[in-house]
Amino acid sequence: MEKKIDKTIDKSIDKTGVRIGMWLFLYTEIILFGGLFVLYAAYFHKFPDLFAQGGKELNRVLGTVNTAVLLISSFTVAASITALQRGKKGQTISLLLFSIFCGAVFLVNKYFEWSAKFHHDIFPNSATLQDGPDGLNIFFGLYYVITGLHGLHVIIGMLLLTITLVLVIKERVHKDRFQLLENSGLYWHLVDLIWIFVFPLFYLVL
Amino acid sequence: MNTQESQHIISYKMLGIVLAALLALTGVTVAVSSVDLGVFNVPVALLIASTKATLVLLFFMHMKYESRVIIVSFISAVVFLGILISLMFFDVAFRYFS
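### Regarding the overall build of chain A
Piece 1. Looking only at helices and strands, chain A features eight helices and zero strands.
Piece 2. Helices (α) and strands (β) of chain A occur, in sequence order from the N terminus, as α-α-α-α-α-α-α-α.
Piece 3. Expressed as lengths along the three principal axes of its C-alpha atoms, the size of chain A is roughly 70 × 30 × 25 Å.
Piece 4. Here chain A holds 206 residues, and the buried ones make up 52% of them.
Piece 5. Put simply, of all contacts in chain A between residues at least 6 apart along the chain, 84% involve residues at least 24 apart.
Piece 6. With the model as given, the accessible surface of chain A reaches about 9,400 Å², and the carbon-plus-sulfur share is 67%.

Below, the structure written as C-alpha cells:
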C-alpha cells in the first residue's frame, strides 16, 4: 500500500516548480556577485588609471583561454541535456565527462595564473600591494575575492555535474526525469555567465 | 497539474551556432580592448558581455522556451541589480569632487 503511494508521488514531479526553485536560488547568486560588482564599479570610478594598470598585470592569454574553455563546457552541458531528452545515455555521459574535464582545465589555468601573481609578490597583504598605491591594492583585492569566489563556484559546479553523471550512469536520471541534470546545468551556466562579466572587467580594462 | 510541460529540445546544430557566436564575440571583445575608445571603453565591453550573457540565457539556459514566471522574475532580479548599481553612483559620483 505505502509503496504504491510512493510511486505515484515519484511520478508526478512538478517540473516547472523544480526549475523555479533553482532560478530563485540563482537570483541570490546574481545578487551575491552583483554586490561585489558594485564595489568594483565604485572603486573603478575612483581609481580608473590604477585599475587599468592592474589589469595590464593580468595574463590576457590565460584569461581568454579560460573564457573559451568555460563557453565550450557550457555548450557541452547544454548538449548533454539535449542528448538525455533524446534518450541517448552514452552521449550524455561523454558530454558530461568532457564538461567536468573543462572545469578542471579552468582551475589548472587559474592555479598557474595565481602562482605567477604570488611569484611577483602580488597577493593580499603582500609588501608590494601594501606599500603601493591604494587603487592597485583594491584592484587586486577585488580580483582575488571575485575570481576566488568564482573558482569556488566552479568546484561546486563540477561536484554537481559529477553527482548528476553518477545518477545518469545508474539510470536514476533519465529521459523522463532529467530535472537534476537541468538544474546542475543551470548552475554551470550561471558560473559561465558571471565569468563573461569578470573577464572584460578585470583582464581587458584599459 | 500543468499538462503542457515545456519539453523543448534544442538541436545540437542550434547550440553549436550559439557557441560559435559566443566565441566570436569573445574575439571581438579582446580585439576592441586594444583600441582606446575613451569614455566608451567600459560601455562597449559591457555591451558585448551583455550580448553574450543574453545568448547563454536564451539558448543554453532555455530561457527562450521558459514559462512567464521565470522570465518575469529573472528580469526583476536584474532590474533590481541595475537599481543597486546605478543609485550607488548618486553617492559615489559626487563624493570625490576634488
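### Remarks on the packing of helix H5 (residues 89-119) of chain A against helix H7 (residues 134-169) of chain A
Residue and element names in this part refer to chain A.
Piece 1. At their nearest, the axes of H5 and H7 sit 10 Å apart, and the two run at 155° to each other. Classed by the angle they form, the pair H5 and H7 counts as roughly antiparallel. In this structure, H5 crosses over H7, and the sense of that crossing is left-handed.
Piece 2. Residues belonging to the contact of H5 with H7 are distributed by class as follows: 19 nonpolar, eight polar and four charged.

### Some thoughts on the interface of chain A and chain B
Piece 1. Taken together, the 47 residues of chain A in the interface contact 49 residues of chain B.
Piece 2. For the pair chain A and chain B, the summed buried area comes to about 4,200 Å², and 75% of that belongs to carbon and sulfur atoms.
Piece 3. Summed over the shared surface of chain A and chain B, the number is one salt bridge.
Piece 4. Close ionic contact of A:Arg19 with B:Glu66 constitutes a salt bridge, the shortest N to O distance being 2.3 Å.
Piece 5. Run the count over chain A and chain B and you get eight residue pairs in polar contact (both at pLDDT 80 or more).
Piece 6. Per-element accounting of the side of chain A that touches chain B gives the leading share, 16 residues, to helix H2 (residues 15-46) of chain A.
Piece 7. Considering only residue class, the side of chain A that touches chain B consists of 31 nonpolar, ten polar and six charged.

Cut-offs applied
Residues numbered from 1 in each chain as written. Chains lettered and ligands numbered in written order. Predicted model: local features only at pLDDT ≥ 70, side-chain atom pairs only at ≥ 80, totals over all residues. Heavy atoms only, no water. Helix = DSSP H or I, 4+ residues; strand = E, 2+ residues; numbered from the N terminus. Buried < 20%, exposed > 50% of the residue type's maximum accessible area, 1.4 Å probe, protein only. Contact = heavy atoms within 4.5 Å. Areas by Shrake-Rupley, 256 points an atom, 1.4 Å probe, with all protein chains shown as cover. Axes fitted to C-alpha atoms, helices over the stretch in contact; angles between N-to-C directions. Parallel < 35°, antiparallel > 145°, perpendicular 65-115°, else oblique. Left-handed = near helix turned anticlockwise from the far one by under 90°. Nonpolar A, V, L, I, M, F, W, Y, C, P; charged D, E, K, R; others polar. Buried area = accessible area lost by both parts, 1.4 Å probe. Salt bridge = Lys/Arg side-chain N within 4 Å of Asp/Glu carboxyl O. Polar contact = N/O pair within 3.5 Å; in protein donor to acceptor, adjacent residues only side chain to side chain.

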